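Residue-level structural notes
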Amino acid sequence: MEGETRKELLIIIPAYNEEKNIGDTLDTLEAAGIPEWADILVMNDASVDRTEEIVRQKNYPVVTHVYNLGYGSGLQVGYKYAVRKEYEYVIQMDADGQHAVSNIKKIYDRLQREDGEGKKPDIVLGSRFVDGSETYPISFAKKIAYSFLRMLIRVGTGRKIQDPTTGLQGLSKRAFSYYAKFQHFDDQYPDANMIMQMLLLGYKVEEMPALMYARHEGVSMHHGIIKPLIYMFRMMYSIIAVWMRIKVFKKV
């Protein structure tokens, strides 16, 4: 909470019109004792409901955009905050309660774990679809979309990523410092395209099982018919553009 000593881990929660969920999400984090060893920052992307009011009532820091800039922009401002405040790790989670708080400590521990060569991961993806994950129901259309995105990443990098759209991620300082720079992060839909980018740039990316729930209140940013189509078109274009920029034009 505000006024307390800053920790080495910052939890970033992007939120847009989440008045029905954000209070419960913060209460769940607090009940688990997470504010004792991690700082929490809510990125309010110009919500028109009571999202900001609820966060302030609970005495958590909140950054509010004057205009709606998009999910990715909210995250990137959070990364800039983490760089400025000199955090060592960032974990990003959704405001809608889909990401169980039990994942936080596990991801934090994984970020600090060295492999046989003494290297720690730069990015830890909380995955719904690797061995050890709880069953997570998805529609047939989403199964097709996920399979397509997995295929693009595997063709482009040789790596098999089971959950290419997970919003539950842990980042090292090296990773979020890169994301914080101009044109290094997608301002709208940072999903499979960013995973492709970081793998091609040589960042160490790992997946681990995560517990997630279905959304109970509000709507996803990909709801409806038109938005998912726009998302898939934009994601396919972005993935190809990332591959071309790094592999063909050698830009980092």
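Along each chain, the written sequence defines residue order, and numbers are assigned to residues from 1. Local features in a predicted model are, by the rule used here, given only for residues with pLDDT of at least 70; side-chain atom pairs are given and counted only at 80 or more, and totals for whole chains, interfaces and linings are based on all residues. To obtain the side-chain values, all non-hydrogen atoms of the structure were used and water was disregarded.

The next point concerns the overall build of the protein chain. In terms of helices and strands, the protein chain carries eight helices and seven strands. Viewed in the frame of its principal axes, the protein chain has a C-alpha envelope of about 50 × 45 × 35 Å. For the protein chain, the share of sequence-separated contacts (at least 6 apart) that also reach a separation of at least 24 residues comes to 76%. Across the protein chain, 33 positive and 32 negative side-chain charges occur, with their mean positions spaced 8 Å apart. Only DSSP runs of H or I with at least four residues qualify as helices, and only runs of E with at least two residues qualify as strands; both kinds are numbered from the N terminus onward. Here, two residues are considered to be in contact whenever any of their heavy atoms come within 4.5 Å of each other. In summary, the charge assignment counts Lys and Arg as positive and Asp and Glu as negative, without counting His or the chain termini. Note on charges: their place is set at NZ of Lys, CZ of Arg, CG of Asp or CD of Glu.

For the rest of this paragraph, the subject is the sheet that holds strand β3 (residues 62–64). In space, the seven strands of this open sheet follow the order β3-β2-β1-β4-β6-β5-β7, with mixed pairing throughout. Only two strands of the sheet have a single neighbouring strand rather than two, namely β3 and β7 (205–209). Sheet twist, expressed as the mean angle between neighbouring strand axes with direction ignored, is 20 degrees. Strands qualify as paired when DSSP identifies two bridges or more between them. Pairing of strand β1 (residues 9–15) with strand β2 (residues 39–44), which is carried by six bridges, proceeds in the parallel orientation. Looking at β2, one finds that L10 is bridged to D39. Each of β1, β4 (89–92), β5 (123–127), β6 (169–172) and β7 touches helix α4 (residues 102–111); the most contacted strand, β4, lies at about 145 degrees to it. Axes here mean lines fitted to C-alpha atoms, for a helix over just the part in contact, with angles spanning 0 to 180 degrees between N-to-C directions.

So, about the pattern of salt bridges. A carboxyl oxygen of Asp or Glu within 4 Å of a side-chain nitrogen of Lys or Arg is what we treat as a salt bridge. Throughout the structure, instances matching the rule amount to 14 salt bridges. For E88, the salt bridge identified is with K173, shortest N-O distance 3.3 Å. Here K173 lies in helix α6 (residues 173–179) and E88 lies in the loop between α3 (71–84) and β4, a separation of 85 residues in the sequence. When its relative accessible area of 31% is taken as the criterion, K173 is described as partly exposed. Taking the shortest distance from any N to any O, the salt bridge between E206 and R110 comes out at 2.7 Å. In this pair, E206 is assigned in strand β7 and R110 in helix α4, connecting sequence segments 96 residues apart. Exposure is judged per residue with a 1.4 Å probe applied to protein chains only, and the accessible area is read against the type maximum: over 50% gives exposed, under 20% gives buried, and values in between give partly exposed. Residue E206 is classed as buried on the basis of its relative accessible area, which comes to 16%. Salt bridges here are not isolated pairs; linked through shared partners, they connect R110, D115, K204 and E206.

Counting 39 residues, the largest nonpolar core has Y79, V90, I123, L171, Y179 and M198 as its most contacted members. Secondary structure elements with two or more residues in this core: β1, β2, α3, β5, α5 (140–157), α6, α7 (192–200) and α8 (226–248). The element contributing the most residues to this core is α7, with seven residues. Filtering out sequence-adjacent residues up to four positions away, I123 remains in contact with Q169, G170, L171, A175, Y179, M198, K204, V205 and E206. If you look at the next biggest cluster of nonpolar residues, it comprises 32 residues, including L29, I40, Y146 and A210. Side-chain atoms within 4.5 Å link the members of a nonpolar core, which is a set of buried Ala, Val, Leu, Ile, Met, Phe, Trp, Tyr and Cys residues.

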